[in-house]
Amino acid sequence: MAENQKTVFKSVQELANENQVPEKYIHTQGSINSSCPMLNVPVVDLRLLTSTARKQELNKLQSGLKFCGCIQVINHGLADSFLDKVHEISKQFFALPAEEKLKYARTVDDIYGYGNDSVLSDKQKLDWTDRLYLNVFPEAIRNLKLWPQKPECFREVFEEYINNMKLLSESLLKAMAVSLNLEENCFLDQCGEGREMIARFNFYPPCPTPEVVLGIKPHADASAITILLQDKEVEGLQVLKDDQWFRVPIVPYGLLVNVGDQVEIMSNGIFKSPVHRVVTNADQERNTLAVFIMPDVTDGIGPVEKLINEEMPRAYKDVKNYVELFFQSYQHGKRPIETAMICQEQD
Ligand SMILES: O=C(O)CCC(=O)C(=O)O
Ligand SMILES: [Fe+2]
């Protein structure tokens, strides 16, 4: 039974090969603009955080996260040649025969494993993407049955990558707190010892009708923060700012860091969790790898006391299991963070 449940889906890759775009992938409200203006995403040099230019770099980080909810980081400690290997294992995995990939297929009612967009609501349009979604930290929650054994170096390269992401996410959460003159551990402590890290390999095949199909529909991440390794050559990510879509530039070997809803809440709204989407294109595939840092659900999170004052009253409630809230609001077509906003509730 479990085996049957695993093999029923049709991958986007198969649809692309057959030149088919089923109706549930088609957005009917207007054409999707893939040539909107470029967003000026600040580039933060992490090496400078340990130099005399620290203050200036922290200011850049802070203003970027206020201005557009994301920054690009460079000199993050991962060698270019290593990031090339990460891109390679992703490309090689999705290029395997379907039969091999299906060994790691998600079940119909689960998000983890290899598969297509999960259906959470009847009205939902589907994303033009195949994914490999893996639980990575704490180690105890890993389901190694879903970790590919092909290409052969997959696990070794991936493990090195996520170990680096763990360290990087800690330094980033600290730098974010310090940039707001807070004690450096205050975001990290709220995320808790049991915080989780989830990785998602996104594979976007070329799409025959990119003007009406999205790689990922508009959303904000439910994480504390997300670290994204973008495709080196193919653009696709867009961020909504002041009700307008902007393209996110590619910074070769840089990593894009974006605020998730839970850091928006912890920072009492100073840092904004950006709504973003992915557009498709007709001739090139695109590969990205997102790593989500998810706070421990047992303690819950809320705005840091030091950021609540007369000028900036508490804007969000404390929340416990934000991810559950996330899925509930999705069903109702609302932005999940609205459920945590205090002013919204009193309207
Ligand atoms: O692939 C991208 O550029 C963005 C992916 C994303 O937004 C996500 O995985 O949540
Ligand atoms: Fe996202």
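Residues numbered from 1 in each chain as written. Chains lettered and ligands numbered in written order. Predicted model: local features only at pLDDT ≥ 70, side-chain atom pairs only at ≥ 80, totals over all residues. Heavy atoms only, no water.

1. Remarks on the pairing of strand S7 (residues 225–229)
Using the following cut-off: Remark: exposure states derive from per-residue accessible area (1.4 Å probe, protein chains only) relative to the maximum for the residue type, with buried under 20%, exposed over 50%, and partly exposed in between. Helix and strand definitions here come from DSSP, where helices need a minimum of 4 consecutive H or I residues and strands a minimum of 2 consecutive E residues; each element is numbered from the N-terminal end. Two strands qualify as a pair provided DSSP detects at least 2 bridges between them.
The buried fraction of S7 is high, at 5 of 5 residues. By the alternation rule, side chains of S7 split into Ile225, Ile227 and Leu229 and Thr226 and Leu228, which are all buried. Pairing of S7 with strand S10 (residues 255–259) involves 4 bridges; the strand directions are antiparallel. Its bridge partner being in S10, Ile227 is matched across the sheet by Val257. Examined bridge by bridge, S7 and strand S12 (residues 286–294) share 5 bridges and lie antiparallel to one another. The partner of Leu228 across the bridge, within S12, is Ala290.

2. Topic: the sheet that holds strand S9 (residues 244–247)
What counts, and what does not: Convention adopted: a line fitted to C-alpha atoms gives each axis, helices being fitted over their contacting stretch, and angles between N-to-C directions are expressed from 0 to 180 degrees.
Spatially, the 4 strands line up as an open sheet ordered S6-S11-S8-S9, and their pairing is antiparallel. The two strands at the open ends of the sheet, each matched to only one other strand, are strand S6 (214–219) and S9. Across the sheet, the mean angle from the axis of one strand to that of its neighbour is 30°, orientation sign disregarded. Relative to strand S11 (residues 276–279), strand S8 (residues 237–241) is paired through 3 bridges, and the arrangement is antiparallel. Across the sheet, the residue bridging to Leu237 is Val278, located in S11.

3. Things to note about the packing of helix H4 (residues 80–94) against helix H6 (residues 154–179)
The following threshold applies: Here is the rule for angles: anything less than 35 degrees is roughly parallel, anything more than 145 is roughly antiparallel, 65 through 115 is roughly perpendicular, and the remaining ranges are oblique. Should the near helix be turned anticlockwise from the far one by less than a right angle, the crossing is termed left-handed; should it be turned clockwise, right-handed. Residues are treated as being in contact if the distance between any of their heavy atoms lies within 4.5 Å. Each residue receives one of three labels: charged for Asp, Glu, Lys and Arg, nonpolar for Ala, Val, Leu, Ile, Met, Phe, Trp, Tyr, Cys and Pro, and polar for the others, Gly being one of them.
H6 packs onto H4 with a crossing angle of 130° between their chain directions and a minimal axis gap of 10 Å. It follows from the interaxial angle that H4 and H6 lie oblique. Like other packed secondary-structure pairs, H4 and H6 cross with a definite hand, here left-handed. Between H4, through Phe82, Leu83, Lys85, Val86 and Ile89, and H6, the contact on the second element is made entirely by Phe154, Val157, Phe158, Glu160 and Tyr161. Here the contact of H4 with H6 is built from residues that sort into 8 nonpolar, no polar and 2 charged.

4. A word on the sheet that holds strand S5 (residues 196–204)
Read across the open sheet, the 8 strands follow the order S1-S2-S10-S7-S12-S5-S4-S3; overall the sheet is mixed. Edge positions in the open sheet fall to strand S1 (43–45) and strand S3 (113–115), since each of these has one partner strand only. Pairs of neighbouring strands in the sheet enclose a mean axial angle of 25°, with direction left out of account. By the bridge criterion, 4 bridges tie strand S2 (residues 70–74) to S10 in an arrangement that is antiparallel.

5. Notes on the UniProt feature "domain: Fe2OG dioxygenase" (unreviewed entry) in the chain
Threshold: UniProt positions are given in the numbering used here, feature names are shortened, and annotations may be inferred rather than shown by experiment.
Residues given the UniProt feature "domain: Fe2OG dioxygenase" (unreviewed entry) here are residues 195–295. The distance from the first to the last C-alpha atom of residues 195–295 is 5 Å, and the span holds 6% helix and 47% strand.

6. Let's talk about the site of ligand 1
So the rule is basically this: Think of it this way: one heavy atom of a residue within 4 Å of a molecule or strand is enough to make that residue near it. Whenever a nitrogen or oxygen atom comes within 3.5 Å of another N or O atom, the pair is scored as a polar contact, on the condition that within protein one atom can donate a hydrogen and the other can accept it, and that pairs from neighbouring residues in sequence are kept only if both atoms are in side chains. Surface accessibility follows the Shrake-Rupley procedure with a 1.4 Å probe radius. Residue values consider only the protein chains on display as shielding. Here a cavity denotes a set of grid points, spaced 1 Å apart and computed over the protein atoms alone, in which a 1.4 Å probe fits but from which it cannot get out, and a pocket denotes an open set meeting protein on both sides within 12 Å along at least five of seven lines; residues with an atom within 4 Å of a point are reported as lining. Assignment to a cavity or pocket requires that more than half of a molecule's atoms be within 2 Å of the site's grid points.
Near ligand 1 lie 14 residues; those nearest to it are Arg200, Tyr204, His276, Arg286 and Thr288. Tyr204 has a polar side-chain atom sitting 2.6 Å from an oxygen atom of ligand 1. Summarising the interface, the protein chains cover 97% of the accessible area of ligand 1, which totals 300 Å² for the free molecule. When each cavity is represented as a set of grid points, ligand 1 is found to reside in the largest cavity. For the shell around ligand 1, the elements supplying multiple residues, two or more each, are S5, S6, S11 and S12. Broken down by element, the residue count for the shell around ligand 1 peaks at 4 residues, all from S12. The class makeup of the residues in the shell around ligand 1 is 7 nonpolar, 4 polar and 3 charged.

7. What about helix H3 (residues 54–67)?
What counts, and what does not: An expected span of 1.5 Å times one less than the residue number is assigned to each helix. Taken from the helix axis, the directions to the C-beta atoms give the arc we talk about.
Between its first and last C-alpha atoms H3 spans 20 Å; for 14 residues at 1.5 Å apiece the expected length is 20 Å, and the two agree. Within the sequence span of H3, burial applies to Glu57, Leu58, Leu61, Gln62, Gly64 and Leu65. Buried positions in H3, seen along its axis, are confined to an arc of 165° and lie on one side of it. Of the exposed residues in H3, those oriented more than 90 degrees away from the buried face are Lys55 and Gln56. Contacts from the buried residues of H3 go to S1, S2, H6 and S10. Phi turns positive one or two residues past the end of H3, at Gly69, with a value near 80°.

8. Focus on empty space enclosed by the protein
This is how the line gets drawn: Grid points are joined across faces, edges and corners, and a volume is the space filled by probe spheres set on the points.
Taken as a whole and assessed by the stated rule, the structure comprises 5 cavities of 30 Å³ or more. In this structure, the largest cavity occupies an estimated 150 Å³ of space. Contributing to the lining of the largest cavity are 17 residues, with Asn202, Leu228, Leu237, His276 and Ala290 lying nearest its centre. Within the lining of the largest cavity, the residues separate by chemical class into 8 nonpolar, 6 polar and 3 charged. Here the second largest cavity is characterised by a volume of approximately 50 Å³.

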